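Chain residues, written in single-letter form:
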Amino acid sequence: MLTKILSAVAFALMASSAMAVDQGGVEQSILLTDGSTVYIFEDGKMAMEDKFGRVARMQEGHVMETRDGQKIVMNGDEIWRLKRALHPNRGGR
Ligand SMILES: [Cu+2]
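Summarised in this report is the structure supplied together with it. Predicted, not measured: the structure shown is a model, and the values here were computed from it.

Calculation notes
- Residues numbered from 1 in each chain as written.
- Predicted model: local features only at pLDDT ≥ 70, side-chain atom pairs only at ≥ 80, totals over all residues.
- Helix = DSSP H or I, 4+ residues; strand = E, 2+ residues; numbered from the N terminus.
- Buried ≥ 20, exposed ≤ 12 C-beta atoms within 10 Å, placed from the backbone.
- Contact = placed C-beta atoms within 7 Å.
- Pairing = 2+ DSSP bridges.
- Core = buried A, V, L, I, M, F, W, Y, C linked by C-beta atoms within 7 Å.
- Arc of directions from axis to C-beta.
- Axes fitted to C-alpha atoms, helices over the stretch in contact; angles between N-to-C directions.

Turning next to the overall build of the chain. Of regular secondary structure, the chain possesses two helices and six strands. The order of helices and strands in the chain, counted from the N terminus, is α-β-β-β-β-β-β-α. Residues counted as buried form 13% of the 93 residues belonging to the chain. The long-range share in the chain, meaning contacts at least 24 apart out of those at least 6 apart in sequence, stands at 41%.

Written out as structure tokens, the structure is:
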């Protein structure tokens, strides 16, 4: 019974990471102290989402602080890539 649950969990993890790869190449999303989220694409470029879930602009080189106290330097400002990743069925809007 336990192994059945574990394999179900492993499958769910695999499914979610496969989905992340499908979502416009977003590799990681990290919550920031101000409630916004930074999305990191597989090539290391980034895009921002504000605390209301809207795609937001940020200047390259801006230093962001994550919820776990790390500092991240903004690399790129890939708003169009993020829009496509978050809303793949909206025809680019
Ligand atoms: Cu940023």
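This brings us to the pairing of strand 3 (residues 46-49). Side chains Met-46 and Met-48 project from strand 3 onto one buried face, and the interleaved Ala-47 and Glu-49 project onto a second face that is buried too. Between strand 2 (residues 37-41) and strand 3, which pair antiparallel one after the other, the connecting turn spans four residues, and Gly-44 there sits at a positive phi close to 95 degrees. Sheet topology note: the strand 3/strand 4 (residues 55-56) ladder contains two bridges and is antiparallel. Residue pairing for strand 4: Met-48 is matched across the bridge by Ala-56. Hairpin connection from strand 3 to strand 4: five residues lie between these consecutive antiparallel strands, with Gly-53 at a positive phi of about 85 degrees.

Once that is clear, we can look at the nonpolar core. Within the largest apolar cluster, eight residues are counted, these being Val-26, Val-38, Tyr-39, Met-46, Ala-47, Met-48, Leu-82 and Ala-85. Looking at this core, the elements that each hand over two or more residues are strand 2, strand 3 and helix 2 (79-86). Take this core: its biggest share by element is three residues, from strand 3. Residue contacts for Val-38: discarding those within four places in its chain leaves Ile-30, Leu-32, Met-46, Met-48, Met-64 and Ile-72.

In this section: helix 2. Three or more residues of helix 2 are buried, namely Arg-81, Leu-82 and Ala-85. Buried residues along helix 2 cover an arc of 95 degrees about the axis, so they all sit on one side. Tucked into the core, helix 2 has its buried residues touching strand 1 (26-31), strand 2, strand 3 and strand 4.

Looking now at the sheet that holds strand 4. The strand order across the open sheet built from four strands is 1-2-3-4, with neighbouring strands paired in antiparallel fashion. Edge positions in the sheet fall to strand 1 and strand 4, since each of these pairs with one other strand and no more. Sheet contacts for helix 2: strand 1, strand 2, strand 3 and strand 4; angle to strand 3, the most-contacted strand, approximately 65 degrees.

Purely geometric stuff here, so don't read any function into it on its own.
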